[in-house]
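Chain by chain, the residues:
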Amino acid sequence: MRVLVTGGAGYIGSHTCIELLNNGYDIVVMDNYSNSSPEVLKIVEKLTKKTFPVYECDMLDYDGFEKIFEENKIDAVIHFAGLKAVGESVEKPLEYYHNNLTGTLNLLRLMRKYKVYQLVFSSSATVYGMNNKAPFKEDMPLSTTNPYGSTKLMIENILKDVCFADKNFKVALLRYFNPIGAHQSGLIGENPNGIPNNLMPYIMKVAVGKLECLSVFGNDYPTPDGTGVRDYIHVCDLANGHLKALEKLPHIEGAEAYNLGTGKGSSVLDVVHAFEKASGKKVNYKIAPRRAGDIAVCYADVSKAKKELGWEAKYSLDDMCRDNWNFIKNNS
């Protein structure tokens, strides 16, 4: 089976490529490298001892995109490609809507044209909005608080409509919680350019002295230590979730949503202290005002993924921090 992985050089995409190759799938990777590097794919080849076609292409380039379908017999698609920073999406909503929606529409037009009907979509827990109480279940009402989240929810709705109109389409909507961690080799992980948007890369840059101090946004939430609680999941567990979703696709009717998380919440300070324990480094932090749109507690109900996909997370927060520190030691 040959799987097209859009955004395959990215943080989650590259780990999923390793999982697919190690489990006997053929892959074709497409990426525009706007937030990744082609070097990562060389490491994927080194770790798996397998080669695969790679296309440097933007989702908005329909003709370039079509060339991938013309030159390869694609059986299924895992769709990671998209802009993904919440804060940036508030500042640049047009760019986010254009890129994420138009790019996905181009993909769906090509899938229909080339009769590729199986899709795993990279969605997000942001679609649960501000008004649900944790743990979040797949059948809860959905809403969003920023343009990034809105693109995920709009794409979910588009995919449901496509599946309703054409019964050939089978789609798994994977709602990620908070991916951290790195490959056990220490060779690939999350290492964004500039000032990171996510907690763990920020902690790592403080630990190695590249940034002075972590801002903890709010310590007056109704949580055990007052800081926000999130469901952190190891990126390798997340990658395995895509494999399980791919295996399930032939048996799905229409579009089905699955939460990928651990089902447990950890606070910001829990993560800071676990990283200090794993690394032996002090992580300087200061308390800052709450951010608009942040909720106090966010974690998954993962019973549906366990029951229907046969998947559950294996790695602990300590494992995630250990693997992150191993990665940053090799790459700082």
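The residue numbers shown here count from 1 along each chain, following its written sequence. Side-chain atom pairs in this predicted model are given and counted only at pLDDT of 80 or more, local residue features only at pLDDT of at least 70, and totals for whole chains, interfaces and linings cover all residues. Side-chain measures were taken over the full set of non-hydrogen atoms in the model, leaving aside hydrogen atoms and water.

Student: Would you explain the sheet that holds strand β2 (residues 26-31) in this entry?
Tutor: Strand pairing in a sheet is mediated by backbone hydrogen bonds. Such pairs are either parallel or antiparallel. Read from one edge of the open sheet, 7 strands run β3-β2-β1-β4-β5-β6-β11, paired in parallel fashion. If you trace the sheet from one side to the other, it starts and ends with β3 (54-56) and β11 (254-260), each paired once. Taken pair by pair, the neighbouring strands of this sheet meet at an average axis angle of 20°, ignoring direction. As defined by bridge partners, strand β6 (residues 170-176) adjoins β11 across 7 bridges and the pair is classed as parallel. Looking at β11, one finds that V171 is bridged to A255. Note on pairing: DSSP must find at least two bridges between two strands before they are called paired. The way it works is that DSSP assigns letters per residue, a run of H or I at least four long becomes a helix, a run of E at least two long becomes a strand, and they are numbered from the N terminus. Angular values range over 0 to 180 degrees, each being the angle between N-to-C directions of two axes fitted as lines to C-alpha atoms, with helices fitted over their stretch in contact.

Student: Can you walk me through the domain arrangement of the protein in this structure?
Tutor: By convention, interface size is frequently given as the accessible area that disappears when the constituent parts associate. An automatic or database domain assignment supplies the start and end points of every domain. Domain boundaries assigned for the protein yield domain 1 (2-180 + 232-260) and domain 2 (199-230 + 263-327). On a C-alpha basis, the centroid separation for the pair domain 1 and domain 2 is 24 Å. The criterion used for residue contact is that any of the two residues' heavy atoms lie within 4.5 Å. On the domain 2 side, the residues contacting the 26 residues of domain 1 number 31 residues. Taking both partners together, domain 1 and domain 2 bury about 2500 Å²; carbon and sulfur atoms supply 66% of that area. A pair is scored as a salt bridge if a Lys or Arg side-chain nitrogen falls within 4 Å of a carboxyl oxygen belonging to Asp or Glu. In this assembly, domain 1 and domain 2 are joined by 2 salt bridges. Put simply, K304 and E256 hold a salt bridge, and the shortest N to O gap is 2.6 Å. In protein, a polar contact means a hydrogen-donor-capable atom and an acceptor-capable atom, both N or O and within 3.5 Å, with residues adjacent in sequence counting only if both atoms are side-chain atoms; elsewhere, any N or O pair within 3.5 Å suffices. Counting the contacts that link domain 1 with domain 2 gives 11 residue pairs in polar contact (both at pLDDT 80 or more). Elements represented by at least two residues in the side of domain 1 that touches domain 2 include exactly β7 (178-180), β10 (232-234), α8 (235-248) and β11. Residue composition of the side of domain 1 that touches domain 2, by class: 13 nonpolar, 7 polar and 6 charged. Once two parts are joined, some of their accessible surface, as seen by a 1.4 Å probe, is lost; buried area is that loss totalled over both. Three classes are used: nonpolar for Ala, Val, Leu, Ile, Met, Phe, Trp, Tyr, Cys and Pro, charged for Asp, Glu, Lys and Arg, and polar for all others, with Gly counted as polar.

Student: Hey, could you run me through unusual backbone geometry in this one?
Tutor: Along the chain, A134 connects to P135 via a cis peptide bond; the corresponding omega equals 0°. Inspection of the secondary structure puts P135 in the loop between β5 (118-124) and α6 (147-165). In this structure, K49 is a non-glycine residue whose phi angle is positive, near 60°. Within the element layout of this structure, K49 appears in the loop between α2 (38-48) and β3. Classification of K49 as exposed rests on a relative accessible area of 74%. Using a 1.4 Å probe on the protein chains alone, a residue whose accessible area is under 20% of its type maximum counts as buried, one over 50% counts as exposed, and one in between counts as partly exposed.

Student: Just to check I follow, could you spell out the sheet that holds strand β12 (residues 266-267) for this structure?
Tutor: Sheet architecture is open: 3 strands sit in the order β12-β9-β14, paired in mixed fashion. Two strands in the sheet have a free side with no partner beyond their single neighbour: β12 and β14 (297-298). Bridging between strand β9 (residues 229-230) and β14 involves 2 bridges; their strand directions are parallel. Each bridged residue has a counterpart across the sheet, and for V229 the counterpart in β14 is V297.

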